Amino acid sequence: MNASLLQRLAAKPWLWAYLGALAIWLATIAFTEGRGGGDVLTAALSFATFSVIVAIGQMYVITLGPGNVDLSIPATITLAGAVSMKIMDGQDAMILPGLLIALGCGVGVGVGNYALIRLLRIPPIIATLSSSFIVLSAAISYSRGIRIKPPPMLADFTTWIVAGIPVLAVAAVVLTAIMSVVLHRTIYGRTVTALGQNARAARLAGLPVDRTRFATYVLCGAFAGLNGYLLSGFSGGAALNMGSEYLLASIAVVVIGGTSVAGGFANLPGLWGAAMLLFLLVTMLNTYGFGAGVRLVLTGLIIIGVITLAGGKRQAR
Amino acid sequence: MSQPQTDPILVHLDGVAKSFGAVQALARVSFDIPQGACIGLVGHNGAGKSTLMHILAGSLTAGSGRIVVEGVDLTDRYGIATANAHGIRCVFQELSLCPNLSVAENARILHPSLKGWGWRKRAATLIRDRLDAVFPQHGIDPDAIVGDLSIARRQMVEIARAFSISDRPVKLVILDEPTSSLDAVLAGQLLAYVRRFVAEGGSVVLISHLLGEVLSTADRIVVMRDGKIVAEREAGAFTRTSLVECMGSMVQAEEGAGTPTKRLGDIPVVSAAPATRSATLPGGTSLLAHRGEIVGLAGLGGHGQTDMLMRIFDGAARPIPGVAVDGKVAIVAGDRQTDGVFPLWSIADNMTIASLGQMARRWLIDSRAEQGMAEDWRRRIGIRTDDVDMPILSLSGGNQQKVLFARALGSSATIILMDDPMRGVDIGTKQEVYAMLRAEAAKGRTFLWYTTEMDELKHCDHVYVFRDGRIVTDLARSELTEERVLQSSFEAAA
């Protein structure tokens, strides 16, 4: 019984991300001789939360099948952050309208992206990249570089930590669980996975192909918008470069987490392992005192290593 | 008799056999291709003609048997290069030009001797001369990019290229359905050129479904059926009728393979006009299907049957002129890999995907209902597995096909479209599925069944024969004979 449980666990594609994160954390606290281990985890959870929120959307898009990716996430984060901060203007009473506006920005970008993809038949990689230039320009001209502080309640909520665990991370875990159920147990989720495996067969099985693709790009935009809103609250206001690191992060987290880049196979638990791994990796290299150059090279090599390991395991299965 | 070779036989095939998995495509075929002769090769789809020609061209390796060219046994080292070196060229049904290259550049591919400065010019001259010879006034620019040419012109280039000569002689040209995209004038020019080529001592194998052109052009005609040669005679000894008889199975199976289903309801649930209507046939014939009916779509492969099924499938979802569908539609794909299977999923997931709507409670899919359906259909259709949660790819092709049948039959669709779904399915399974189709039809479901197998048409209440995207014949079960289907598949005005 125990053996079969272990076997089942070993077959899970997300296991490698968690093992990697654990190994890196142990390596870090071994260096500091156990000091600050808990603090590192708290920080990792805080920052992983933001990566996971955008990665959920990206994962759904990537699962749609080869060629599907959303490169407009950073621009959407910036736009949603800038617009919602300006509208809320630091007032607690505007927290809810601000959230809706941030989500609205994301939905708008998603609708625009899918219009480019479907109506003008532009490949998603080009469509979302070019739309991101327009969105970012809109954010720049809208905010004019003025940094507006978030409402105090929003700032408090996003940085609230209880017993070493960020409350926002708990909320994001709940969101991840919900999206996992959506992926596996709703017709929408099944259709996304079916499309990624064989789009033609999905159409012939009578699944709503166009509607599902549309909903997925909109969903991804909405998650990016949510991220922009929360991240602005967390970091004391919107900044024009606030989204830039989430371009690579959203894709890397999806892939390291065990989701197939070719589409048709996704899992949500892996996102957390992968996001923690990426943050802990940088922390470890900082702790060891490596320079920026070495750090980037090692980050790249370790990501390649994890993907190879996880990918190889999945093939063997 | 100035020729160095005294052997009048150019190619001698002896007991050539080939099987793909369990399917025997060629069963010990022997025949000779003499010098200076045109051999016509006829037979319906899957008779083994193309397999035989692929072996002769070197693109397939024979499972057993000998290939002797000009008296030399080449069996062990036969391949595309060997075939080419001995002057054997082939124009396949699936055109093989590179669409991104020009006509001249494509010609060069076959002639490695064209090299050094100005090879493009020499290649252009080579292909232009041959085009001029085969198709006078062809109007094809050797510098044109092949992808920009019409399908007919591409076929002309392909043919001209096969007959072109540089440093190597051309001794035998295999033409597989060469006139399928050519109009009557171009076809006439080609056939006249074939006769000239043969008169000069060349050999040609002509494969065609147009019996008229085979009868008029070939010296000898070889008829194939089920991977065997069933007749070989001088062309003059055949008539169109005797050819058709040779191609079909002579033994008529007992009338009606099952109890006929009766038409339920007078109003058709499907009525669809083909997309291409000829001006000569005003209105064309529309396909009608009633409740409880099994309707067959017959004719040669690729003559519009699949397009028709897709039109009906689309017509059920959105309005399409000329198509009226009353009811939910499901499709059983014949091309499993492309059209049917989700390769990363389990058997159960693959089976239930079209029925999830009925299994959803509010937003969530009920896993117990899903498991129940999968188990139920595993038993009913006899899928050979212990566990429906195993990956679909753990099943054999025939069993995967059963999963696709279960997907369609288990859905709430009342109209089932079947796109030649029995490819690669063994005979036992077929019998089980036929019985299931009849039972479902008796319960009121409608089946539209495209099949290339004559035996399967005998399960249909009504058969529409397709040719060139049109319905040319409409046969009730009582009028259905293999001869009539073949006759209408080949020539409308026979």
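Residues numbered from 1 in each chain as written. Chains lettered and ligands numbered in written order. Predicted model: local features only at pLDDT ≥ 70, side-chain atom pairs only at ≥ 80, totals over all residues. Heavy atoms only, no water.

Asker: Give me the lowdown on the sheet that holds strand β19 (residues 446-450) of chain B, citing residues and values where you can.
Answerer: The strands making up a sheet associate through hydrogen bonds between their backbones, and the pairing can be parallel or antiparallel. Residues and elements named next belong to chain B. One open sheet accounts for 6 strands, arranged β15-β18-β19-β13-β20-β21; its pairing is mixed. The outermost strands of the open sheet, each flanked by one partner alone, are β15 (329-332) and β21 (470-476). For this sheet the average axis-to-axis angle between neighbouring strands, irrespective of direction, equals 20°. Packing against the sheet, helix α14 (residues 397-410) makes contact with β15, β18 (415-419) and β19, and its axis sits at approximately 175° to β15. Seen against the sheet, helix α17 (residues 482-490) touches β13 (294-299), β20 (462-467) and β21 and runs at an angle of roughly 25° to β20. (Pairing = 2+ DSSP bridges. Helix = DSSP H or I, 4+ residues; strand = E, 2+ residues; numbered from the N terminus. Axes fitted to C-alpha atoms, helices over the stretch in contact; angles between N-to-C directions. Contact = heavy atoms within 4.5 Å.)

Asker: Describe the nonpolar core, and please don't skip the residues or the numbers.
Answerer: Within the largest apolar cluster, 129 residues are counted, with the highest numbers of intra-cluster contacts made by A:L271 and B:I416. Ranked by residues supplied to this core, first place goes to helix α3 (residues 37-63) of chain A with 13 residues. Filtering out sequence-adjacent residues up to four positions away, B:I416 remains in contact with B:A330, B:V332, B:A408, B:L409, B:R445, B:T446, B:F447 and B:L448. B:V42, B:V134, B:L190 and B:V214 belong to the second largest nonpolar core, which has 48 residues in total. (Core = buried A, V, L, I, M, F, W, Y, C linked by side-chain atoms within 4.5 Å. Buried < 20%, exposed > 50% of the residue type's maximum accessible area, 1.4 Å probe, protein only.)

Asker: Outline the packing of aromatic side chains, supporting the account with residue identities and numerical values.
Answerer: Taken as a whole, this structure holds 12 aromatic pairs over all chains when the rule is applied. With centroids separated by 5.7 Å and ring planes inclined at 45°, the aromatic side chains of B:Y434 and B:W449 adopt a geometry described as tilted. Here B:W449 lies in strand β19 and B:Y434 lies in helix α15 (residues 427-442), a separation of 15 residues in the sequence. Each member of the pair, B:Y434 together with B:W449, is buried. Chaining the aromatic ring pairs together yields one cluster made of A:F47, A:F50, A:F234 and A:F279. The ring centre of A:Y142 lies 4.6 Å from the NZ or CZ of A:K86, which sits over that ring. (Phe/Tyr/Trp six-rings, centres within 6.5 Å; stacked < 30°, edge-to-face > 60°. Lys NZ or Arg CZ within 6 Å of the ring centre and 35° of its normal.)

Asker: Tell me about the packing of helix α4 (residues 119-134) of chain B against helix α6 (residues 184-199) of chain B, residues and numbers included.
Answerer: Residues and elements named next belong to chain B. Relative orientation of the contacting elements α4 and α6 amounts to 100°, with a least axis distance of 9 Å. Between α4 and α6, the angle is such that the two are roughly perpendicular. Mapping the contact onto sequence places R130, A133 and V134 in α4 and Q189, L190, Y193 and R196 in α6. (Parallel < 35°, antiparallel > 145°, perpendicular 65-115°, else oblique.)

Asker: Describe the pattern of salt bridges, and please don't skip the residues or the numbers.
Answerer: Scanning the model with the defined rule gives 20 salt bridges over all chains in all. For the salt bridge of A:R118 with A:D210, the shortest nitrogen-to-oxygen distance reads 2.8 Å. One end of the pair, A:R118, is in helix α5 (residues 95-118); the other, A:D210, is in helix α11 (residues 209-234), and 92 residues separate them in sequence. Given a relative accessible area of 34%, A:D210 falls into the partly exposed group. Across the pair B:D339 and A:R200 runs a salt bridge whose closest N-O atoms are separated by 2.5 Å. Pair noted here: B:D339 is in helix α10 (residues 336-340) and A:R200 is in helix α10 (residues 199-204), and the two residues belong to different chains. Judged by relative accessible area, which is 35%, A:R200 ranks as partly exposed. Within the structure, one salt-bridge network assembled from shared partners comprises B:D376, B:R380, B:E440, B:K443 and B:R445. (Salt bridge = Lys/Arg side-chain N within 4 Å of Asp/Glu carboxyl O.)

Asker: Outline the packing of α5(A) against α11(A), listing residues and values.
Answerer: All names here are of chain A. It is at 7 Å that the axes of α5 and α11 come closest, and there the two elements cross at 140°. It follows that α5 is oblique to α11 by the angle criterion. You can see that α5 and α11 cross each other, and the crossing is right-handed. Its residues assigned to classes, the contact of α5 with α11 comprises 14 nonpolar, 6 polar and 3 charged. (Left-handed = near helix turned anticlockwise from the far one by under 90°. Nonpolar A, V, L, I, M, F, W, Y, C, P; charged D, E, K, R; others polar.)

Just geometry here; none of it tells us what the structure is for.
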